[in-house]
Amino acid sequence: MDGHVDELVEVVRTLVSFDTTSVDLSPDSKHTENKEAELQAYVGKELEGIDVEVDQWEPDPAEFREHPMMPPWHHWRNRPLTVGTLRGSGGGRSLVVNGHIDVVSPGDESNWTSPPFAAEVRDGRIYGRGACDMKGGVGAALFALKALHAGGVGLVGDVFFEAVPDEETCAMGTNAAIARGYKADAGLVPEPTRFNLWVATRGLLHGTLSVQGRSAHAEMNQPPWEEGGGVNAIQKTTYLLGALDGLSESWARHDSKRHPLLGTPSVNPTQISGGTFISNVPERCDVALNTTYLPGDADDVGYGSIPRGEIEQAVREAAAQDGWLADHPPSWSWYTDYPPSEIDPETPILGVVQAAGRELGVDVHPEGIDTTYDGALLTLFADTPSPAFGPGDLRRAHAPDEWVGVDELVLAAKLYARAIVAWCGLAEES
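Everything in this summary refers to the structure shown in the same document. Given the structure is predicted, the values throughout are model-derived calculations rather than measurements.

Reading guide: rules and limits
- Positions within a chain are numbered from 1, following the residues in the order the chain's sequence is written.
- Given that this is a predicted model, residues contribute local features only at a pLDDT of at least 70 and side-chain atom pairs are listed and counted only at 80 or more, while totals for whole chains, interfaces and linings are drawn from all residues.
- Hydrogens and waters are ignored; side-chain quantities use all the structure's heavy atoms.
- Helix and strand definitions here come from DSSP, where helices need a minimum of 4 consecutive H or I residues and strands a minimum of 2 consecutive E residues; each element is numbered from the N-terminal end.
- We compute the radius of gyration from the C-alpha atoms alone; for a globule the expected value is 2.2 Å times N to the 0.38, where N is the number of residues.
- In what follows, a contact means two residues having at least one pair of non-hydrogen atoms within 4.5 Å.
- A 1.4 Å probe and the Shrake-Rupley method give the accessible areas. Residues count as covered only by the protein chains that appear here.
- Under this rule, positive means Lys or Arg and negative means Asp or Glu; His and the chain ends count for nothing.
- The location of each charge is read from NZ of Lys, CZ of Arg, CG of Asp or CD of Glu.
- In what follows, salt bridge is the name for a side-chain nitrogen of Lys or Arg lying within 4 Å of a carboxyl oxygen of Asp or Glu.
- Put simply, the grid is 1 Å and covers the protein atoms alone, a cavity is a trapped set of points that fit a 1.4 Å probe, a pocket is an open set with protein on both sides within 12 Å along at least five of seven lines, and lining residues have an atom within 4 Å of a point.
- Grid points are joined across faces, edges and corners, and a volume is the space filled by probe spheres set on the points.
- For this classification, Asp, Glu, Lys and Arg are treated as charged, while Ala, Val, Leu, Ile, Met, Phe, Trp, Tyr, Cys and Pro are nonpolar and the rest, including Gly, are polar.
- Paired strands, as defined in this entry, are two strands with at least two bridges between them according to DSSP.
- The aromatic pairing rule takes the rings of Phe, Tyr and Trp, using the six-membered ring of Trp, and pairs them if the centres are within 6.5 Å, calling planes under 30 degrees apart stacked, those over 60 edge-to-face and the rest tilted.
- Burial status follows relative accessibility: with a 1.4 Å probe on protein chains alone, a residue under 20% of its type maximum counts as buried, one over 50% as exposed, and anything between as partly exposed.
- By definition, being over a ring means that NZ of Lys or CZ of Arg is both within 6 Å of the ring centre and within 35 degrees of the ring normal.
- Fitted lines through C-alpha atoms give the axes, limited to the stretch in contact for helices. The angle between two N-to-C directions lies from 0 to 180 degrees.
- In this scheme, a helix's expected span is set at 1.5 Å multiplied by one less than its residue total.
- Any N or O atom pair separated by 3.5 Å or less is treated as a polar contact, with the protein-specific requirement of one donor-capable and one acceptor-capable atom, and with residues adjacent in sequence counted only for side-chain atom pairs.
- We call a set of buried residues a nonpolar core when its members are Ala, Val, Leu, Ile, Met, Phe, Trp, Tyr or Cys and they connect through side-chain atoms within 4.5 Å of each other.

A few words now on the overall build of the protein. Along the backbone of the protein there are 10 helices and 15 strands. Relative to the globule expectation of 22 Å for 430 residues, the C-alpha radius of gyration of the protein, 24 Å, shows essentially globular dimensions. When the backbone C-alpha atoms are referred to their principal axes, the protein occupies close to 85 × 45 × 40 Å. Residue pairs in contact within the protein that sit at least 24 positions apart in sequence constitute 80% of those at least 6 positions apart. When the accessible surface of the protein is totalled, it reaches about 18,400 Å², and 47% of it is carbon and sulfur. If you average the places of the 31 positive and of the 65 negative side-chain charges in the protein, the two averages end up 2 Å apart.

For the structure on display, the rule yields 23 salt bridges. Here Arg79 ties to Glu36 by a salt bridge, and the two come within 2.7 Å at their closest N and O atoms. Separated by 43 residues along the polypeptide, Arg79 in the loop between strand E1 (53-57) and strand E2 (81-86) and Glu36 in helix H2 (residues 36-48) bring together distant segments of the chain. With its nearest N and O atoms 2.7 Å apart, the salt bridge here joins Arg395 to Asp393. Residues joined by salt bridges that share partners form a network here, namely Glu7, Glu46 and Lys146.

Summary: where empty space remains is shown by rolling a probe the size of a single water molecule over the atoms. Space inside the largest pocket adds up to approximately 780 Å³. Considering the residues around the largest pocket, the lining is formed by 27 residues, among which Asp24, Thr169, His206, Tyr335 and Thr336 are closest to the centre. When residues of the lining of the largest pocket are traced back to their parent elements, those giving at least two are strand E10 (267-274), strand E11 (284-293) and strand E12 (331-338). It is E12 that contributes the most residues to the lining of the largest pocket, 4 residues altogether. Residues belonging to the lining of the largest pocket are distributed by class as follows: 13 nonpolar, 12 polar and 2 charged. Approximately 420 Å³ is the volume found for the second largest pocket. For the lining of the second largest pocket, the secondary structure elements donating two or more residues are strand E9 (203-212), E11 and E12. Taken together, the residues of the lining of the second largest pocket break down into 7 nonpolar, 9 polar and 5 charged.

Pairing is mixed in the open sheet, where 3 strands are placed in the order E13-E8-E14. Looking at strand neighbours, the two that pair on one side only are strand E13 (341-342) and strand E14 (366-369), the edges of this open sheet. The pairing of strand E8 (residues 197-201) with E14 spans 4 bridges and is classified as parallel. Looking at E14, one finds that Ala200 is bridged to Gly368.

Glancing now at the packing of aromatic side chains. Applying the stated criterion across every chain yields a total of 10 aromatic pairs. Ring centres 5.0 Å apart and planes at 10° place the aromatic pair Trp332 and Trp334 in the stacked group. By relative accessible area, which is 23% here, Trp332 ends up partly exposed. An aromatic cluster of three or more residues is present, and its members are Trp57, Phe160 and Tyr182. The side chain of Arg93 reaches across the aromatic face of Trp423, ending 3.7 Å from its centre. Here Arg180 stacks its cationic end above the ring of Trp57, 4.1 Å away from the centre of that ring.

One open sheet holds the 5 strands; their spatial order is E1-E2-E6-E3-E7, and the pairing between them is mixed. Where the open sheet ends on each side, the last strands, each with one partner, are E1 and strand E7 (186-188). Between one strand axis and the next, the sheet turns by 20° as a mean value, whatever way the strands run. The sheet contact formed by E1 and E2 spans 5 bridges and is antiparallel.

The next thing to look at is the pairing of strand E3 (residues 95-100). Among the 6 residues in E3, 6 count as buried, and that is most of the element. Residues Leu95, Val97 and Gly99 line one face of E3 and the alternating positions Val96, Asn98 and His100 line the opposite face, and both faces are buried. Here E3 pairs with strand E6 (residues 159-164) via 6 bridges, running parallel. Directly across from Gly99, in E6, lies its bridge partner Ala163.

Another aspect to go through is helix H8 (residues 348-359). At 3.6 residues per turn, the α-helix brings residues three or four places apart onto the same side. A rise of 1.5 Å per residue sets the reference length of H8, with its 12 residues, at 16 Å; its end C-alpha atoms lie 17 Å apart and thus fit the reference within 8%. Looking at the packing, one finds that the buried side of H8 touches E3, E7, E8 and helix H10 (406-424). Just downstream of H8 lies Gly361, where phi reads positive at about 75°.

Our focus in this paragraph is the side chain of Glu367. Along the chain, Glu367 falls in strand E14. Side chain to side chain, Glu367 and Arg194 meet in a polar contact 3.2 Å long. One polar contact links Glu367 to Trp198, side chain to side chain, over a distance of 3.2 Å. In this view, Glu367 contacts Thr193, Arg194, Asn196, Leu197, Trp198, Val199, Ala200 and Leu261; residues no more than four positions away in its chain are not counted.

This part is about the environment of Asp2. Its location among the elements puts Asp2 in the segment before helix H1 (5-17). For the pair Asp2 and Leu411, spaced 409 residues apart in the sequence, the C-alpha separation amounts to 9.7 Å. When residues no more than four places from it in sequence are discounted, the contact partners of Asp2 are Val410 and Lys414. A distance of 2.8 Å separates a polar atom in the side chain of Asp2 from a polar atom in the side chain of Lys414.

Turning our attention to the nonpolar core. Formed by 64 residues in total, the largest nonpolar core has its most connected members in Leu95, Phe161 and Phe389. No other element matches the 12 residues that H10 contributes to this core. If we ignore the near neighbours within four places in the chain, the residues touching Leu95 are Asp158, Val159, Phe160, Ala184, Ala186, Gly187, Leu188, Ile349, Ile420, Trp423 and Cys424. By size, the runner-up hydrophobic cluster in this structure holds 25 residues, among which are Met69, Val83, Ala177 and Tyr338.

Put into structure tokens, the structure is as follows:
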């Protein structure tokens, strides 16, 4: 690997150069296309070049309409998934390597030193949107497989290399791979973990609270609503948000809402839309809510029906104290429930990765991550315990001049190669 650093850098630069900004497939969206198909074609060609069986497909969205994480408008047209299967000689432990290839928007490009998809190399770093989150890790894992092939290393167990879309939005890419039957004895997700192991994640609920008002002339003093006066939906929404603030404060005080590796869950209003004209009393207000919840708060099937119920109850109780809201109850639209997960500290893949770290002088320790990653889905729904482990620091992600260090990529590729061999086993002919 030390003799082929330029090749590793080129793999990562190529991945970053594809603009795979997450699409918005909702009705009336203007951003419905990206370069995911072109990137996946590149990944497929690279895998075929090292004698890996390549499965590329566009899942049928109709098969997932009842899935709790599937938006009603979602599809994979021109956005295929790729799974490459490296067959072992048989009898060894299998491994999924799962990485997402979608990225968040680069935002205002004038805030970047170089164009976000130019993948410029400066001072030992690759700059670009997705370089850290997480095309650097995906490229390093792919390069590790290339290095094993170049060195004639045969494995006993199978390796499934998954390049999936959707992680930054609804996570349905990994769900589609699971539904196709891909699972293993363990998994690794090359997210930017600073070479630690993410073993616990919070769950995530996305929903919209809709509050009804009554339109009227804003410059006219209004009689009581019972007498036909206008009702300001924004003001009523503010009142209900106070109840949700109280719920978050209650969670922060409750012992059952504490976790040794994760932050306290909370309800956060993140978008608001209300009113149609400056002189009109607003007749409707919609607030998007981002809610986190702990593994212990999940229901029997792993999802967030329990915290969702607590949120709805808090709003219902507050609304009951207001005459207008009691007579015109707010409504809800829930569209994302990303489940939390937690991996048993005795799970063997953790020890294997830590041992690989020790061999290369890296102190690898378990930690939690308050956001989400696709390993939670593999852990929960594919019986494939999948910690995240990779190069880079999440604090660099989603920001201008995102970067990953070349030295981090080289170390990651070496760690992945050692972990893969240690987990899957070395075939005798190697």
